[in-house]
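# Survey of secondary and tertiary structure
The primary structure of each chain is shown beneath.
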Amino acid sequence: MIYRILKTTGLCRSCVERYATIIRETPLYLIVEASPSDIELLQKQHGVIAIPEEKQSVRKHQLLYQEGETITVDEIKTLVGFDRLQAYGLNDDGVIIAILGTGVNLDVLPDDIKARIEVIDYTGEGEQDDVNHGTAVTYLIGALTKNAQIKHLKVIGKDLSITSQALLDAFEYAYWNCHIANISWGFADDPCNYYKKYNGLMQFITWADPPFYFVASAGNNDAQPNAIDFPACSEYAIAVGAIDKNGLVAEFSSIGAFECDGITIPKPDVATYGVNVEAIDANGEVKPVSGTSFSAPIVSAFIAWLYNPYAHQMRLDILRGHRINPHCNCEGWSPDYGYGILQAFVNAPPAVQMAFELIPQAFALGLTIVVPIVAAKSIAEAFRRR
């Protein structure tokens, strides 16, 4: 049987070779052939993380039309603060966003978005979006960014399944070639089982240089407790819940915390719009879409705007200061909103607000290098001191 053994810290290669035949290797894992019993021995005696080559079912975090108002992309830009980020001189230049999804129908997207997208197929079925999901996800990221490049890595087939080979190969591509990965789906079965199977892979995120952000939709499990899907439930992912246009948690949005074999992880991490979000679907129709599937792209695009000044200083805390929880009017965690609703600088310390007030003035005066750099440094320092 074929397995992929992750190259985690302290992996004993000679121990692996004692029980398994190494077929090939990549920077992240060894591809080996071994019997299940030998793999079990390796896991027990040497703590290896071995992922078998198998196919698993996934679920789109997408729902049919929901009652309530539609929210447009322009409204999202204003309510979340994308316009404010751009006014303050931030940009998404050079940022690359990976979407691990169902494919995309490029011909239905606007030319300015289409020009920034590359599709890589890991399913063997072609680049097209057969399940009417990945096109809308890709459109939202494209519409909420300006210059960021988008790599749509098609890993989900028309039968809503994914192979471990496609998942690991796409993850590795994104890890080495992109800055942000967006996943708008989750595994269809017990998230605790997948947490134990795949979370070792997610740990690579903490070692990424430059920083790598993994944004995942929390799931549409009807507000049942401990129902965050994997990979969103990983402590290395940014799990995104959904709210409606009025800022209320969507009835379908999965809530936390996530619990697994004595481990408790506060999830979700953030909430944003996911009810009747206006998007372009696989047929080229502009229509409202709902689900945490469409909340995650908003967060991925937001991080793209923050990436250049913040990523190296803030690492996995990059959203800190940009969330507010209605329960406490602060950036405090709750099972429904996570650490709060996404909104640019809503909880930023005064030094951050002051620094950013300088940036538009600096651009107006032609001081386009020195002042923005000084401001960005003071912002990072202010966040770190909190």
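The rules behind these values
Along every chain, residues carry numbers that run from 1 in the direction the sequence is written. The model is predicted, so local features are restricted to residues of pLDDT at least 70 and side-chain atom pairs to those at 80 or more, both for listing and for counting; the totals for chains, interfaces and linings are taken over all residues. Each side-chain value is worked out from all heavy atoms of the structure, with water and hydrogens disregarded. DSSP bridges decide pairing: two strands pair if at least two such bridges lie between them. Labels follow the DSSP assignment, with helices taken as runs of H or I lasting at least four residues and strands as runs of E lasting at least two, numbered in each case from the N terminus. Axes here mean lines fitted to C-alpha atoms, for a helix over just the part in contact, with angles spanning 0 to 180 degrees between N-to-C directions. In this analysis, two residues are considered to be in contact whenever any of their non-hydrogen atoms come within 4.5 Å of each other. Oblique is the label for any angle not covered by the other classes, which are roughly parallel (under 35 degrees), roughly antiparallel (over 145) and roughly perpendicular (65 to 115). Crossing handedness is read from the near helix: turned anticlockwise from the far helix by less than a right angle, it gives a left-handed crossing, and turned clockwise, a right-handed one. Note that Gly is not counted as nonpolar here; it falls among the polar residues with everything else outside the nonpolar set of Ala, Val, Leu, Ile, Met, Phe, Trp, Tyr, Cys and Pro and the charged set of Asp, Glu, Lys and Arg. Planes of paired rings set the category: under 30 degrees apart is stacked, over 60 is edge-to-face and the rest tilted, where pairs are Phe, Tyr or Trp rings (Trp by its six-membered ring) whose centres lie within 6.5 Å. Note on classification: 1.4 Å probe, protein chains only; a residue is buried when its accessible area is under 20% of the maximum for its type, exposed when over 50%, partly exposed between these limits. Each polar contact in these results corresponds to two N or O atoms within 3.5 Å; when the atoms are within protein, one needs to be able to donate a hydrogen and the other to accept it, and residues that are neighboring in sequence are counted only if both atoms are side-chain atoms. Given a helix with a known number of residues, its expected span is that number minus one, times 1.5 Å. Fitting axes to the seven residues ending at a residue and to the seven starting there, one defines the bend at that residue as the angle between these axes. Here, the term disulfide refers to a pair of cysteine sulfur atoms separated by no more than 2.5 Å. Residues counted as positive are Lys and Arg, residues counted as negative are Asp and Glu, and His and the chain ends are not counted. The working definition used for a salt bridge is a side-chain nitrogen of Lys or Arg within 4 Å of a carboxyl oxygen of Asp or Glu.

With antiparallel pairing, the four strands of this open sheet are ordered in space as β2-β3-β1-β4. With one partner strand each, in any of the chains shown, β2 (21-25) and β4 (50-52) form the two edges of the open sheet. Each strand axis lies, on average, 30 degrees off the axis of its neighbour in the sheet, ignoring direction. Two strands pair when backbone bridges link them, and β2 and strand β3 (residues 29-33) are joined in this way by four bridges, in the antiparallel orientation. Across the sheet, the residue bridging to Glu25 is Leu30, located in β3. Taken strand by strand, helix α2 (residues 36-46) contacts β1 (2-6), β3 and β4, and its axis lies near 10 degrees from that of β1.

All right, on to the packing of helix α6 (residues 164-177) against helix α7 (residues 191-202) then. For any two helices packed against each other, the geometry comes down to the angle between their axes and how far apart the axes lie. Interhelical geometry of α6 versus α7 gives an angle of 20 degrees and a closest axis separation of 11 Å. The orientation of α6 with respect to α7, classified from their angle, is roughly parallel. Between α6 and α7 lies a crossing of right-handed hand. Facing Ser164, Leu167, Leu168 and Phe171 of α6, the residues of α7 in contact are Tyr198, Leu201 and Met202. Residue composition of the contact of α6 with α7, grouped by class: six nonpolar, one polar and no charged.

Now for the packing of aromatic side chains. Taken as a whole, this structure holds 17 aromatic pairs when the rule is applied. Summarising the aromatic geometry, the rings of Tyr213 and Tyr307 are spaced 6.0 Å apart at their centres and angled 90 degrees between planes, so their arrangement reads as edge-to-face. Of this pair, Tyr213 sits in strand β12 (residues 213-217) while Tyr307 sits in helix α8 (residues 296-314), and the two are 94 residues apart along the sequence. Note on Tyr307: relative accessible area 5%, which makes it buried. Taken together, Phe171, Tyr175, Trp176, Phe204, Trp207, Phe212 and Phe214 form an aromatic cluster joined through their ring pairs.

What follows covers the side chain of Arg323. Mapping Arg323 onto the fold places it in strand β19 (residues 323-324). A relative accessible area of 11% means that Arg323 is categorised as buried. A distance of 2.8 Å separates polar atoms of two side chains, one belonging to Arg323 and the other to Glu331. In this structure, Arg323 is in contact with Asp269, Val270, Glu331, Tyr339, Gly340, Ile341, Gln343, Val346 and Asn347, ignoring residues within four places of it in sequence.

Within the open sheet, the three strands sit side by side as β9-β5-β11. Their pairing is antiparallel. Strand pairing shows two members of the sheet lacking a second neighbour, β9 (161-163) and β11 (185-187), which therefore form its edges. Sheet twist, expressed as the mean angle between neighbouring strand axes with direction ignored, is 40 degrees. Where strand β5 (residues 55-60) meets β11, three bridges bridge the pair, whose relative direction is antiparallel. The residue bridging Arg59 from the neighbouring strand is Gly186, located in β11. Lying on the sheet, α6 is in contact with β5, β9 and β11; it crosses β9 at an angle near 70 degrees.

A word on helix α3 (residues 73-87). With 15 residues, α3 extends only 17 Å from end C-alpha to end C-alpha; this falls clearly short of the ideal 21 Å at 1.5 Å per step. Taken as a whole, α3 carries its principal kink of about 80 degrees at Leu79. Looking at α3, one finds that the buried residues are Val73, Ile76, Val80, Gly81, Phe82 and Leu85. Tucked inside the fold, the buried residues of α3 contact α5 (134-144), β16 (270-273), β17 (277-280), α8 and β20 (341-342). After α3 finishes, the residue Gly89 shows a positive phi value of roughly 90 degrees.

Across all of its chains, the model carries three disulfides by this definition. Here Cys192 engages in a disulfide with Cys260; their sulfurs sit 1.9 Å apart. Across the S-S bond linking Cys192 and Cys260, the dihedral sits near 65 degrees, which makes this disulfide right-handed. With Cys192 in helix α7 and Cys260 in strand β14 (residues 258-260), the pair connects residues that are 68 residues apart, well separated along the chain. Each member of the pair, Cys192 as well as Cys260, is classed as buried. What pairs with Cys328 in a disulfide is Cys330, and their sulfur atoms sit 2.1 Å apart. Between Cys328 and Cys330 the disulfide shows an S-S torsion of about -95 degrees. By sign, it is left-handed. Take Cys328: its relative accessible area is 37%, and that puts it in the partly exposed class. For Cys330, a relative accessible area of 29% gives the class partly exposed.

Attention shifts here to the side chain of Glu172. The topology assignment puts Glu172 in helix α6. Buried and unpaired, Glu172 has no salt bridge, with Arg4 as the nearest side chain of opposite charge at 6.1 Å. Each residue touching Glu172, except ones within four places of it in the same chain, is listed here: Thr26, Pro27, Leu28 and Tyr29.

Moving on, we come to the pattern of salt bridges. Throughout the structure, instances matching the rule amount to 19 salt bridges. Glu54 is the salt-bridge partner of Lys197, the closest N and O atoms lying 2.6 Å from each other. With a gap of 143 residues between them, Lys197 in helix α7 and Glu54 in the loop between β4 and β5 connect regions that are remote in the sequence. A relative accessible area of 26% means that Glu54 is categorised as partly exposed.

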